[in-house]
Amino acid sequence: MSAKPQAPPEKPAPASAAERTPARCLSKPSSRRRRVTWVPCLPGERLFFPLLALGAFLLLWQAAAAWYGSDYLLPGPAAVLLALLEVARSGMLLEHVAVSLYRFGVGYLLAALVALPLGLVFGWYSRLHQAFDPLIQVLRPISPVAWFPLAVLWFKIGDLPAIFIIFIASFFPMLLATIAAVRGVDRVYIRVARNFGSSEWDLLHKVVIPAAFPYITVGLHIALGVGWIHLVAGEMLGAQSGLGYFIIDARNFLRTDQVIAGMLLVGLLGLSLDRLMSWTERRVRSRW
Amino acid sequence: MKVKIEASGVGKRFRRRLGAEEVEAMAGLELNVYQGELLCLLGPNGCGKTTLLNLLAGFDTPTAGSISLDGCPVRMPGPEAVMIQQEYGLFPWRTVRGNVELGLELARVPAARRRRLALELIALVGLNEAVDRYPRELSGGMQQRVALARALAVEPQVLFMDEPFGALDAMTRHKMQAELIRLWREKEMTIIFVTHDFNEALLLADRVAVMTPRPGRIKEIITINQPRPRNLLSPEAAQAREAIHRALVEGIMTSNPKEPA
Ligand SMILES: Nc1ncnc2c1ncn2[C@@H]1O[C@H](COP(=O)(O)OP(=O)(O)OP(=O)(O)O)[C@@H](O)[C@H]1O
Ligand SMILES: [Mg+2]
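Residues numbered from 1 in each chain as written. Chains lettered and ligands numbered in written order. Predicted model: local features only at pLDDT ≥ 70, side-chain atom pairs only at ≥ 80, totals over all residues. Heavy atoms only, no water.

Chemist: I keep staring at the confidence of the model for chain A and nothing clicks. Help me out?
Modeler: A low pLDDT means the predicted coordinates there should not be read in detail. Residue and element names in this part refer to chain A. Averaged over chain A, the pLDDT score is 84; the fraction of residues at 70 or greater is 84%. Across residues 1-19, confidence stays below pLDDT 50; counting only partners more than four residues off in sequence or on other chains, it has six contacts. In the predicted structure, residues 26-31 sits below a pLDDT of 50 and forms two contacts with residues beyond four places in sequence or in another chain. (pLDDT = per-residue confidence, 0-100. Contact = heavy atoms within 4.5 Å.)

Chemist: Explain the site of ligand 1 here, please?
Modeler: Residues and elements named next belong to chain B. Around ligand 1 sit 13 residues in total, of which Gly46, Lys49, Thr50, Thr51 and Arg214 are the nearest. A distance of 3.2 Å separates an oxygen atom of ligand 1 from a polar backbone atom of Cys47. One nitrogen or oxygen atom from the side chain of His196 is found 2.9 Å from an oxygen atom belonging to ligand 1. Looking at the shell around ligand 1, the element that brings in the most residues is helix H1 (residues 49-57), giving three residues. (Near = heavy atom within 4 Å. Polar contact = N/O pair within 3.5 Å; in protein donor to acceptor, adjacent residues only side chain to side chain. Helix = DSSP H or I, 4+ residues; strand = E, 2+ residues; numbered from the N terminus.)

Chemist: Would you explain the sheet that holds strand S2 (residues 22-34) of chain B in this entry?
Modeler: Adjacent strands of a sheet form backbone hydrogen bonds with each other and so pair up, either parallel or antiparallel. Residue and element names in this part refer to chain B. Taken in spatial order, the four strands line up as S2-S1-S4-S5 in an open sheet, and their pairing is antiparallel. Only two strands of the sheet have a single neighbouring strand rather than two, namely S2 and strand S5 (72-73). Note that strand S1 (residues 3-15) and strand S4 (residues 64-69) share five bridges and pair antiparallel. The partner of Ser8 across the bridge, within S4, is Ser66. (Pairing = 2+ DSSP bridges.)

Chemist: Explanation requested: the environment of Pro215(B) in the structure shown.
Modeler: All names here are of chain B. Position of Pro215 among the secondary structure elements: in the loop between strand S9 (207-211) and strand S10 (218-223). With 190 residues separating them in the primary sequence, Pro215 and Ala25 have C-alpha atoms 4.6 Å apart. Those residues in contact with Pro215, other than ones at most four positions away along the chain, are Glu24, Ala25, Met26 and Ala27.

Chemist: Looking at this structure, how should I read the pattern of salt bridges?
Modeler: In a structure, side chains of opposite charge can pair up when their charged atoms sit close to one another. With the rule as written, the count across this model stands at 24 salt bridges over all chains. We note a salt bridge from Glu86(A) to Arg255(A), for which the minimum N-O separation is 3.2 Å. In this pair, Glu86(A) is assigned in helix H4 (residues 77-90) and Arg255(A) in the loop between helix H11 (243-252) and helix H12 (256-285), connecting sequence segments 169 residues apart. Using a relative accessible area of 38% as the deciding quantity, one classes Glu86(A) as partly exposed. Salt bridges here are not isolated pairs; linked through shared partners, they connect Asp202(A), Lys206(A), Arg94(B), Glu105(B) and Arg108(B). (Salt bridge = Lys/Arg side-chain N within 4 Å of Asp/Glu carboxyl O. Buried < 20%, exposed > 50% of the residue type's maximum accessible area, 1.4 Å probe, protein only.)

Below you can see the structure in the form of structure tokens.
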């Protein structure tokens with residue numbers, strides 16, 4: 001088929017230092033060269049530097065807090081930890097976390113339920129996509145936060161406004177990724193299936209969906225992050241519970257230590273969700 | 001001999017974009033393919049070999065002329081005439097067995113029978129140890145075998161192959177050529193095989209159809225009567241090689257030299 005690119009003709013290079021060095025010396029790694037692969041010698045070694053960085057950060061934070069001298073403006077890490085333990089002991093924390101996860105789960109799943117089929121249809125029928133693309137392009141850049149007034153107007157208070165915001169936030173990444181994934185399906189798979197007399201339905205669920213799947217999961221992953229970021233914002237609206245509410249509530253009581261504790265929790269949970277997603281993704285994608 | 005595929009007056013024009021100038025890839029092409037023969041298509045790059053296979057297999061429709069299979073016009077691809085795609089087109093999310101079962105699955109063959117047939121074919125192409133592996137875990141030669149097994153599973157009457165062994169190393173290619181001849185004999189198929197390799201054509205073909213540069217036509221058909229396995233150093237082979245070469249060169253010399261492929 002295509003000829004391999006030819007190696008450039010050898011030029012008579014000026015005698016360099018390397019050329020004058022006997023070959024047996026060259027195989028020794030020079031002391032200044034960085035090791036490319038870093039093989040951990042101890043099981044704990046991979047944790048060592050991150051822990052060191054974390055320790056340094058906490059130390060600086062504590063020092064800054066001590067220097068500031070105001071628990072209201074900048075509580076130190078110790079104060080935040082105490083606050084975290086305090087709310088954890090009261091049992092309220094678990095409830096807030098649970099309700100946040102519930103809202104997130106519902107909003108995210110609803111978004112997937114709508115966005116994935118819609119994305120499949122738009123990706124497959126390009127005429128339909130052409131028709132709706134301008135609408136999508138106009139709605140997409142609107143920050144989910146801009147939907148707040150409508151969310152409150154339509155859904156009043158409780159779980160629904162937050163769920164709606166998460167829905168909006170995760171919907172577009174999912175939709176766009178799915179459309180792109182379907183459109184990007186290698187034509188050869190479709191040709192093969194048609195050659196074997198595939199029905200349209202078989203083509204969709206035996207060829208297009210599995211072929212697009214790895215790229216759809218990328219959209220799901222992005223949507224997970226975007227959705228989680230907007231969870232807190234969504235819960236600062238009409239909600240009376242959840243992590244977003246917890247943070248707002250702590251602020252109203254001038255408990256900055258609890259505000260930071262809440263923020264920390266949001267970050268940690270977000271990280272866990274992301275890791276969980278990566279893990280699942282790796283497992284299902286291992287074959288593609 | 002019975003004519004299996006008949007192409008008469010076939011022309012194909014492509015328009016790259018709306019409003020762009022049309023490209024005439026093929027014009028006035030005449031070709032009869034006989035039942036059970038192994039026909040090699042040979043021609044310069046861009047002469048329309050792939051285009052012709054696509055037309056014969058029903059993936060595309062000619063802009064002029066007609067194509068028929070067993071006397072019926074070809075309208076769309078179907079399992080009676082299977083194309084082995086370039087790069088094989090194996091589904092990376094299915095194991096070897098899953099890939100071989102594809103055509104049977106789409107034809108609604110019951111699972112147990114499907115499985116049995118697939119395993120039989122996998123054995124036939126010598127991939128027993130790779131049944132549960134995924135395509136990316138296979139070498140090019142093995143992938144080619146999977147594609148063959150997948151095609152054979154639906155018992156096609158016609159097999160189209162577009163430079164199927166082009167990406168294989170010399171040894172593997174040699175093995176696959178022998179394998180193809182064996183399978184072709186066993187299954188009594190009609191095979192249309194595109195190649196750029198004279199030796200491959202001389203080894204495999206009953207007839208070699210040489211095409212002219214674009215717009216592609218059949219310049220000449222060289223019949224090779226030598227029994228298989230063939231000796232490429234024999235006088236007959238040398239004669240056939242000479243004839244193919246002459247047809248190819250004549251086609252190029254007499255064609256419109258305006259546009260390089
Ligand atoms: N979809 C298409 N749109 C526009 N032009 C096309 C299209 N397909 C093929 N052509 C043109 O038709 C001509 C024949 O192409 P084709 O791929 O059939 O050649 P080929 O004989 O298979 O070449 P090769 O030996 O390189 O595989 C080429 O000039 C090509 O540019
Ligand atoms: Mg080609």
